[in-house]
Amino acid sequence: MARFLFPTEYYDSTYSIDFEKYYKMGYRGLIFDIDNTLVPHNAMHDDRSRELFNELKSLGYKVCFVSNNKEPRVKKFNEEVGGFYIFKAGKPKSQGFLKAMKLMDTTKENTLFIGDQLFTDIWGANNAHLHSILVKQIDKKEEIQIVLKRIIEKPIIALYRMKHPLKGKKN
């Protein structure tokens, strides 16, 4: 039941992921959702995200943002990072993820996806056969259609958590 919605891993935050560990494991490409994965909805980079992307760049990662948002939002967010981006990606369809790997010249075996929603992010990454990492949303203040999806997500996450611990939890 709902296994296509189960992430490979579940972290407390994008910022608690040990990206150096994954680089040592052979991962070279990172696909990120933006809103509530890296920054609050519609926010631009903050010091924490700047520091993260400086670290990722120094490790040698290629980065692509895959978002269902419109181009102005995604393009502007990417400008500071200088990675790749795909707007109106159509998540949970796999095309945006496949295009991201093509742009980064990576494969499903060496690409990670990080996102905060099951029904778009994780389902889409799983459709593309990627290692999918679910993170808790940054900000609880969201548009009503996302709030409604979060209600439906709760029992699925609870079912997942019965066998998989939350990683990176800060006490």
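Please refer to the structure higher up on the page.
Residues numbered from 1 in each chain as written. Predicted model: local features only at pLDDT ≥ 70, side-chain atom pairs only at ≥ 80, totals over all residues. Heavy atoms only, no water.

Peer 1: What exactly am I supposed to notice about the pairing of strand β3 (residues 62-66) here?
Peer 2: Note on strand geometry: in a regular strand, side chains alternate between the two faces of the sheet. Among the 5 residues in β3, 4 count as buried, and that is most of the element. Pairing of strand β2 (residues 29-32) with β3 involves 4 bridges; the strand directions are parallel. Of the residues in β3, the one forming a bridge with Leu30 is Val63. Taken together, β2, helix α2 (residues 47-59) and β3 constitute a β-α-β crossover, and its handedness is right-handed. As paired strands, β3 and strand β4 (residues 84-86) are joined by 3 bridges and run parallel to one another. The residue bridging Cys64 from the neighbouring strand is Phe84, located in β4. Each parallel crossover has a hand, and for β3 linked through helix α3 (residues 71-79) to β4 it is right-handed. (Buried < 20%, exposed > 50% of the residue type's maximum accessible area, 1.4 Å probe, protein only. Helix = DSSP H or I, 4+ residues; strand = E, 2+ residues; numbered from the N terminus. Pairing = 2+ DSSP bridges. Right-handed = clockwise from strand over helix to strand, strands pointing away.)

Peer 1: Mind showing me how you'd approach the pairing of strand β5 (residues 111-115) here?
Peer 2: In terms of residue burial, β5 counts as a mostly covered element, since 5 of its 5 residues are buried. Every second residue of β5 is oriented toward a common face, with Thr111, Phe113 and Gly115 on one face and Leu112 and Ile114 on the other, all of them buried. Bridging between β2 and β5 involves 4 bridges; their strand directions are parallel. Within β5, the residue paired with Phe32 across the bridge is Ile114. Alignment of β5 against strand β6 (residues 131-135), held across 4 bridges, turns out to be parallel. Bridge pairing links Phe113 to Ser132 in β6. The parallel pair β5 and β6 is bridged by helix α5 (residues 118-127), and the resulting crossover is right-handed.

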